[in-house]
Amino acid sequence: FFLACASDACPTKPPHLAALPGRRSGRRQSRATFAMSDQLSYPDLVLDPSIRDWVLIPIFVIMFLMGILRNNVTKMMRSSEKTKRDTVQQNNLLMRARRLRANAGWVPAAAFAARKHHFCDKEKGLLMQKQDAPNPMAAMSDPNMMSKMMQGNMAMMVPQMLMMVIIPHFFSGFVLGKIPFPLTPSFKGMLQRGVNLSTLDTAYITSMSWYILAMFGMRGLYSIVLGAGSTTDDSALMQQQMGMAAGGGQPGQQPDYNKLYAAEAENLQITEHKFHLSAAEEKLLRGGKADGVTARGKAKRA
């Protein structure tokens, strides 16, 4: 219905241009006529409110419920393995060093120097100790790791395959809404999938494009409803399966803590210390004024 309206409502020659006189003089009139023809070539569509109730909202609800189902299935498929003690200690050491570097301004200079020496000493520093290098082939030869990778791929690919079958079968060929700002024709392929109509304005969004935009735009909603540890982020799952986690190794491989420790020690060594509470008493007595006021007060006393 809407495709027919969109094609019939656009005449081959706009009536405003047909009423113009036959003679044209000057380039300005020709440019104005060309701009007017561009504005009149895309008619406004009157969308049925039932499309909102039977297409727009159902696609959003189906995708949201599918994401919750995938998150629960992924948690059920995970095996309850205990984390190794050495791995926990290594991660906690990195967190302590990063927290010291981030909150260095709230620690006195002597305390910061002592902690920095504790982490970065060349002989006894914790970040300078050599760790066992990970075996790159250990994860690939482990059958349990291979089964985990297969389960992760199934949990990510099967819901996407189902959605790519359901959405085009039940909701294809609908125009859902219009973006409140103009766009160039190069956005037609992204916003108007499933509707190949040259007379349709680029600002209109079809059902297939709404599905693709909502698929990559529901990350914030999932994090609010399911928490920060949800497994509904497609980009994060793809990076994890492709081995793009910290360390840059193979999927499931332990990170190289020697490189992580060396990088953190270098960052901690070049950190400049500036104590934020150096003149806290004078600021409190003066009502929280800036350091410049305190310095001027000392000069007047001298």
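Visitor: So what exactly am I meant to see when it comes to the overall build of the chain here?
Guide: A count of helical and extended segments in the chain gives 15 helices and 2 strands. Within the chain, buried positions represent 27% of all 302 residues. Contacts spanning at least 24 positions in sequence make up 69% of the contacts within the chain whose residues lie at least 6 apart.

Visitor: Looking at this structure, how should I read the packing of aromatic side chains?
Guide: The description of an aromatic ring pair uses the distance of the two centres, along with the angle that the planes make with each other. Counting across every chain of the model gives 3 aromatic pairs. Between Phe170 and Phe171, the aromatic rings sit 6.5 Å apart at their centres with planes inclined by 55°, giving tilted as the arrangement. Residue classification places Phe170 among the exposed residues on the basis of a relative accessible area of 55%. The class of Phe171 is buried, set by a relative accessible area of 10%.

Visitor: Would you mind showing me how to read helix H13 (residues 257-269) here?
Guide: Because the α-helix completes a turn every 3.6 residues, residues three or four places apart line up on one side. An ideal rise of 1.5 Å per residue puts 18 Å on 13 residues; H13 measures up with 18 Å between its terminal C-alpha atoms. Of the positions making up H13, those classed as buried are Tyr257, Tyr261, Glu264, Ala265 and Leu268. Buried residues of H13, seen end-on, are gathered within an arc of 105° and therefore sit on one face of the element. Structurally, H13 contributes buried residues whose contacts are with helix H5 (85-102) and helix H6 (109-120). Taking the backbone nitrogen of Asn258 as reference, a side-chain oxygen 3.3 Å away marks Asp256 as the first, capping residue of H13.

Visitor: Just checking my understanding: could you explain the nonpolar core for this structure?
Guide: Grouped burial of nonpolar side chains is what soluble globular proteins tend to show. Val55, Ile59, Met63, Met163, Ile167, Tyr211 and Met218 are the most contacted members of the largest nonpolar core, which totals 15 residues. Contributing elements (two or more residues each) for this core: helix H4 (49-77), helix H8 (143-171) and helix H10 (207-217). Take this core: its biggest share by element is 6 residues, from H4. Discounting chain neighbours no more than four positions away, the residues touching Met63 are Met163, Tyr211, Ala214, Met215, Met218 and Tyr222. Listed in part, the 14 residues of the second largest apolar core include Leu100, Val107, Cys120 and Leu127.

Visitor: Before we go on, may I ask you to explain the confidence of the model for the chain in this structure?
Guide: The predicted coordinates of low-pLDDT regions are not to be read in fine detail. Mean pLDDT over the chain: 74, with 68% of residues reaching 70 or higher. By mean pLDDT, the top-scoring element of the chain is H6 (93), and the lowest-scoring one is helix H1 (residues 2-8) (36). Here residues 241-249 is a poorly scored stretch, pLDDT under 50, and it has 13 contacts once near neighbours within four places are set aside; other chains count. Between residues 290-297, whose pLDDT stays under 50, and residues either more than four places distant or in other chains, the model counts 4 contacts.

Visitor: Hey, could you run me through H6 in this one?
Guide: Between its first and last C-alpha atoms H6 spans 16 Å; for 12 residues at 1.5 Å apiece the expected length is 16 Å, and the two agree. Where H6 is concerned, the buried positions are Phe112, Phe119 and Cys120. Buried residues along H6 cover an arc of 75° about the axis, so they all sit on one side.

Visitor: Got a minute to help me understand the pattern of salt bridges in this structure?
Guide: In the structure shown here, the tally under the stated rule is 4 salt bridges. Linking Arg98 and Glu264 is a salt bridge whose minimum nitrogen-to-oxygen distance equals 3.6 Å. In this pair, Arg98 sits in helix H5 while Glu264 sits in helix H13, placing the two residues 166 residues apart along the sequence. The class of Glu264 is buried, set by a relative accessible area of 4%. A salt bridge links Lys178 to Asp201, with the nearest nitrogen and oxygen atoms 4.0 Å apart. Here the residue Lys178 occupies a position in strand E1 (residues 175-178), and Asp201 occupies one in the loop between helix H9 (188-191) and strand E2 (204-206), the gap between them amounting to 23 residues. A single network of salt bridges, built from pairs that share partners, joins Arg98, Arg101 and Glu264.

Calculation criteria
Residues numbered from 1 in each chain as written. Predicted model: local features only at pLDDT ≥ 70, side-chain atom pairs only at ≥ 80, totals over all residues. Heavy atoms only, no water. Helix = DSSP H or I, 4+ residues; strand = E, 2+ residues; numbered from the N terminus. Buried < 20%, exposed > 50% of the residue type's maximum accessible area, 1.4 Å probe, protein only. Contact = heavy atoms within 4.5 Å. Phe/Tyr/Trp six-rings, centres within 6.5 Å; stacked < 30°, edge-to-face > 60°. Expected span 1.5 Å × (residues − 1). Arc of directions from axis to C-beta. Polar contact = N/O pair within 3.5 Å; in protein donor to acceptor, adjacent residues only side chain to side chain. Core = buried A, V, L, I, M, F, W, Y, C linked by side-chain atoms within 4.5 Å. pLDDT = per-residue confidence, 0-100. Salt bridge = Lys/Arg side-chain N within 4 Å of Asp/Glu carboxyl O.

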